[in-house]
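Coordinates in review
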Amino acid sequence: MIAILDYGMGNIHSCIKAVSLYTKDFVYTSDRATIENSKALILPGDGHFDKAMENLNASGLRDTIDKHVKSGKPLFGICIGFQILFESSDETAQGTKKEQIEGLGYIKGKIRKFHGKDFKVPHIGWNRLQFRKKDKSILLKGISDQSFFYFIHSYRPTDAEGSAITGLCDYYQEKFPAVVEKNNIFGTQFHPEKSHTHGLKLLENFIHFV
């Protein structure tokens, strides 16, 4: 069984629908026992980094995720679920005063907002994915280099762990990590469930892997 984590973040319905195309053995849940008994875990959703981590810490789900990862079972983060895989972020919800929010820390790197006068923020729409280490990638099997995926985000990883990056995206001449794969940790900054054929193939690759 694959667990899709309910941790209070928005816009998960398209993810659930996409996963259901390839397996019926999944559940959308926040129940810790169910997650512990799952064979893989997906962290979907949109929203602020600090709210995502606040929800995980307050509910005790962070410990459950840690236990899942330490057991060697696959974890896949999408969008905000991708960003919280990293060490920290300076993205806070409006009205909060925190300067740095600690992430899950599975992958080295910090989440920072796009900057520069030429940047349009947020980065919304279709953009090409540039492959790295495709021969070692599980998520990108059967997908062509330079394929388009759908992005919507204002923050991206910086100083990221190079060995974990299998896909990059070029936005205003800045290449940022868009796909990471490190042991049993997987993640995409874009929304595969909204990326039509290529995105669905990526999800299928993960589901068949687990």
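Treat the numbers as computed from the prediction; the structure is a model and nothing was measured. (Residues numbered from 1 in each chain as written. Predicted model: local features only at pLDDT ≥ 70, side-chain atom pairs only at ≥ 80, totals over all residues. Heavy atoms only, no water.)

1. So, the environment of Ile-84
As a reminder of what qualifies: Secondary structure counts use DSSP, requiring at least four H or I residues in a row for a helix and at least two E residues in a row for a strand, with both numbered from the N terminus. Residue contacts are counted whenever heavy atoms from the two residues lie within 4.5 Å of one another.
Relative to the assigned elements, Ile-84 resides in the loop between α5 (80-83) and β5 (86-89). Separated by 18 residues in sequence, Ile-84 and Glu-102 have C-alpha atoms that sit 8.3 Å apart. Aside from chain neighbours lying at most four places away, what touches Ile-84 is Tyr-7, Leu-43, Phe-49, Ala-52, Met-53, Leu-56, Gly-103, Leu-104 and Gly-105.

2. Let's talk about the sheet that holds strand β9 (residues 130-131)
Which entries qualify depends on this criterion: Should DSSP find at least two bridges between two strands, the strands are taken to pair. An axis is simply a line fitted to the C-alpha atoms; with a helix, the fit covers only the stretch in contact. Between two such axes, the angle follows the N-to-C directions and lies from 0 to 180 degrees.
In space, the eight strands of this open sheet follow the order β2-β1-β3-β4-β14-β13-β12-β9, with mixed pairing throughout. Of all the strands in the sheet, the pair left with one neighbour each is β2 (26-29) and β9. Sheet topology note: the strand β3 (residues 40-43)/strand β4 (residues 75-78) ladder contains three bridges and is parallel. Bridge pairing in β4 places Leu-43 opposite Gly-77. Along the sheet face, helix α1 (residues 13-20) touches β1 (2-5), β2, β3 and β4 and points at about 165° away from the line of β2.

3. Thoughts on the sheet that holds strand β11 (residues 155-158)
Spatially, β6-β5-β7-β11 is the arrangement adopted by the four strands of the open sheet, whose pairing is mixed. Each edge of the open sheet is held by one strand with a lone partner, namely β6 (101-102) and β11. In this sheet, strand β7 (residues 107-113) lies alongside β5 in parallel orientation, the contact comprising three bridges. Across the sheet, the residue bridging to Ser-88 is Lys-110, located in β7.

4. Structural notes on the pairing of β3
Condition: Burial classification: accessible surface area is computed with a 1.4 Å probe over protein chains only, and a residue below 20% of its type maximum counts as buried, one above 50% as exposed, and the rest as partly exposed.
Covered by surrounding structure in β3 are Ala-40 and Ile-42 together with Leu-41 and Leu-43, the residues of both alternating faces. Pairing of β1 with β3, which is carried by three bridges, proceeds in the parallel orientation. Considered in β3, the bridge of Ala-3 is made with Leu-41.

5. A look at the side chain of Lys-73
For clarity, the cut-off: The positive count covers Lys and Arg only, the negative count covers Asp and Glu only, and His and the chain ends enter neither. We define a salt bridge as a side-chain nitrogen of Lys or Arg found within 4 Å of a carboxyl oxygen belonging to Asp or Glu. In protein, a polar contact means a hydrogen-donor-capable atom and an acceptor-capable atom, both N or O and within 3.5 Å, with residues adjacent in sequence counting only if both atoms are side-chain atoms; elsewhere, any N or O pair within 3.5 Å suffices.
For Lys-73, the location among the structural elements is in the loop between α4 (61-70) and β4. Comment: no salt bridge for buried Lys-73; closest opposite-charge side chain is Glu-36, at 7.9 Å. Looking at Lys-73, its side chain comes within polar contact range of the main-chain oxygen of Glu-36, at 2.8 Å. Excluding its chain neighbours within four sequence positions, the residues that come into contact with Lys-73 are Ile-35, Glu-36, Asn-37, Ser-38, Lys-39, His-68 and Asn-184.

6. Observations regarding the pattern of salt bridges
Here the structure, examined in full by the defined rule, presents eight salt bridges. With a shortest N-O distance of 3.9 Å, Asp-90 and Arg-112 are connected by a salt bridge. Separated by 22 residues along the polypeptide, Asp-90 in the loop between β5 and β6 and Arg-112 in strand β7 bring together distant segments of the chain. Here Glu-161 and Lys-182 are joined by a salt bridge, their closest N and O atoms 3.1 Å apart.

7. Side note on α4
For α4, a buried count of seven out of ten residues is recorded, marking the element as mostly surrounded by other parts of the structure. For α4, the set of buried residues is Leu-61, Arg-62, Thr-64, Ile-65, Asp-66, His-68 and Val-69. Count one or two residues on from α4 and you reach Gly-72, which has phi positive near 95°.

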